[in-house]
Amino acid sequence: MHALGRAKEGLSLYKLLDKTKSTGGRLLLMNWVLRPLQSIDEIEERLDAIEFLLQPSNCARLDEMRSILARMKSIRTVCSRIHTELLVVDLEALAQFAYAAVKLVSLLMSLGGLPVLLEKFLAIDKACFGELGSRIIKMIDFDSSKEEQRVVIASGNSDKVDHLRD
């Protein structure tokens, strides 16, 4: 946003509500403020989820979730860039996102008695996200990639690539 936009934001409902920790969270909140729900059922579903997360018994888990989200890069930006240009930092961010998704779902599951809206998050395939993160970490030699400023495939992943490297 431009500086003028940020100045105006200071007096806005969005700014008063904004306690987000990630770019994705900020964009989602902005979308919610600009395009409010019109269905009473959806509004109540969202309020139930917020009320549930803010219960004192859930504070420690909520703080843990905030910490995870604060360290995540915008997955939308990462995927857009990967589509056009393969950067090591984006592959690393994608692996971190996959592991964070697994951790967030595990934290939600540990709370028990989730409201309907939060139950929907449990539908993600933790095994698939975990496998994605593991494959990226195993496939890329991050130290060499950063040193050489290009993506370097780790040794032992492909005989053909290993042979070409020699």
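Residues numbered from 1 in each chain as written. Predicted model: local features only at pLDDT ≥ 70, side-chain atom pairs only at ≥ 80, totals over all residues. Heavy atoms only, no water.

S.K.: Whenever I open this one, the overall build of the chain confuses me. Can you help?
M.R.: A count of helical and extended segments in the chain gives 11 helices and zero strands. Starting at the N terminus and walking to the C terminus, you meet the elements of the chain as α-α-α-α-α-α-α-α-α-α-α. For 166 residues, the compact-globule estimate of 2.2 N^0.38 gives 15 Å, and the chain exceeds it by more than 25% at 20 Å. C-alpha atoms of the chain, sized along the principal axes, occupy 65 × 45 × 30 Å. (Helix = DSSP H or I, 4+ residues; strand = E, 2+ residues; numbered from the N terminus. Rg over C-alpha atoms; globule rule 2.2 N^0.38 Å.)

S.K.: I'm lost on the layout of surface pockets in this one. Help?
M.R.: Picture a little ball the size of a water molecule; that probe, rolled over the atoms, points out where space is still empty. If you add up the space inside the largest pocket, you get close to 1900 Å³. What lines the largest pocket is a set of 42 residues, and nearest its centre among them are Thr20, Gly25, Leu28, Trp32 and Leu69. Class assignment for the residues of the lining of the largest pocket results in 31 nonpolar, five polar and six charged. (1 Å grid on protein atoms, 1.4 Å probe; cavity = no way out; pocket = protein on both sides within 12 Å on 5 of 7 lines; lining within 4 Å. Points joined across faces, edges and corners; volume = space filled by probe spheres on them. Nonpolar A, V, L, I, M, F, W, Y, C, P; charged D, E, K, R; others polar.)

S.K.: Looking at this model, I keep getting lost on the nonpolar core. Mind explaining?
M.R.: Side chains that are nonpolar tend, in soluble globular proteins, to be buried together. Counting residues in hydrophobic clusters, the biggest one holds 14 residues, and the most contacted among them are Leu53, Met65, Leu108, Leu111 and Leu118. At the level of elements, helix 4 (40–53), helix 5 (59–71) and helix 7 (88–111) are the ones that each hand at least two residues to this core. At five residues, the largest contribution of residues to this core is made by helix 7. In this structure, Ala93, Leu94, Ile136 and Phe142 belong to the second largest nonpolar core, which totals nine residues. (Core = buried A, V, L, I, M, F, W, Y, C linked by side-chain atoms within 4.5 Å. Buried < 20%, exposed > 50% of the residue type's maximum accessible area, 1.4 Å probe, protein only.)

S.K.: What is the right way to read the packing of helix 7 against helix 9 (residues 126–139) from this model?
M.R.: Helix-helix packing is characterised by the crossing angle of the two axes and by the distance between the axes. Taken N-terminus to C-terminus, the directions of helix 7 and helix 9 make an angle of 150°; their axes are 8 Å apart at the nearest point. It follows that helix 7 is roughly antiparallel to helix 9 by the angle criterion. Crossing hand, helix 7 versus helix 9: left-handed. Each of Leu91, Leu94, Ala95, Phe97, Ala98, Tyr99, Ala101, Val102, Val105, Ser106 and Met109 in helix 7 lies in contact with helix 9, whose residues at this interface are Lys126, Phe129, Gly130, Leu132, Gly133, Ser134, Ile136 and Ile137. A class-by-class count of the residues in the contact of helix 7 with helix 9 yields 14 nonpolar, four polar and one charged. (Axes fitted to C-alpha atoms, helices over the stretch in contact; angles between N-to-C directions. Parallel < 35°, antiparallel > 145°, perpendicular 65-115°, else oblique. Left-handed = near helix turned anticlockwise from the far one by under 90°. Contact = heavy atoms within 4.5 Å.)

S.K.: Would you take a moment to explain the side chain of Asp18 for this structure?
M.R.: Assignment of secondary structure puts Asp18 in the loop between helix 2 (13–17) and helix 3 (23–34). Of the buried charged residues, Asp18 lacks a salt bridge, with Lys15 as the closest side chain of opposite charge at 4.8 Å. In contact with Asp18, not counting residues within four places along its chain, are Arg26 and Leu29. (Lys, Arg positive; Asp, Glu negative; His and termini not counted. Salt bridge = Lys/Arg side-chain N within 4 Å of Asp/Glu carboxyl O.)

S.K.: Can you help me understand the packing of aromatic side chains in this one?
M.R.: The way to describe two aromatic rings as a pair is by their centre distance and the angle between their planes. Scanning the model with the defined rule gives one aromatic pair in all. In this structure, Arg46 is placed above the aromatic ring of Trp32, and the distance from its NZ or CZ to the ring centre is 3.6 Å. (Phe/Tyr/Trp six-rings, centres within 6.5 Å; stacked < 30°, edge-to-face > 60°. Lys NZ or Arg CZ within 6 Å of the ring centre and 35° of its normal.)

S.K.: Can you walk me through the packing of helix 5 against helix 7 in this structure?
M.R.: In contact at an axis separation of 10 Å, helix 5 and helix 7 are set at 170° when each is read in the N-to-C sense. In this view, helix 5 runs roughly antiparallel relative to helix 7, as classed from their interaxial angle. The segment helix 5 lies against helix 7, with Arg61, Glu64, Met65, Ile68 and Leu69 engaging Ala100, Lys103, Leu104, Leu107, Leu108, Ser110 and Leu111. Here the residues of the contact of helix 5 with helix 7 are counted per class, giving eight nonpolar, one polar and three charged.

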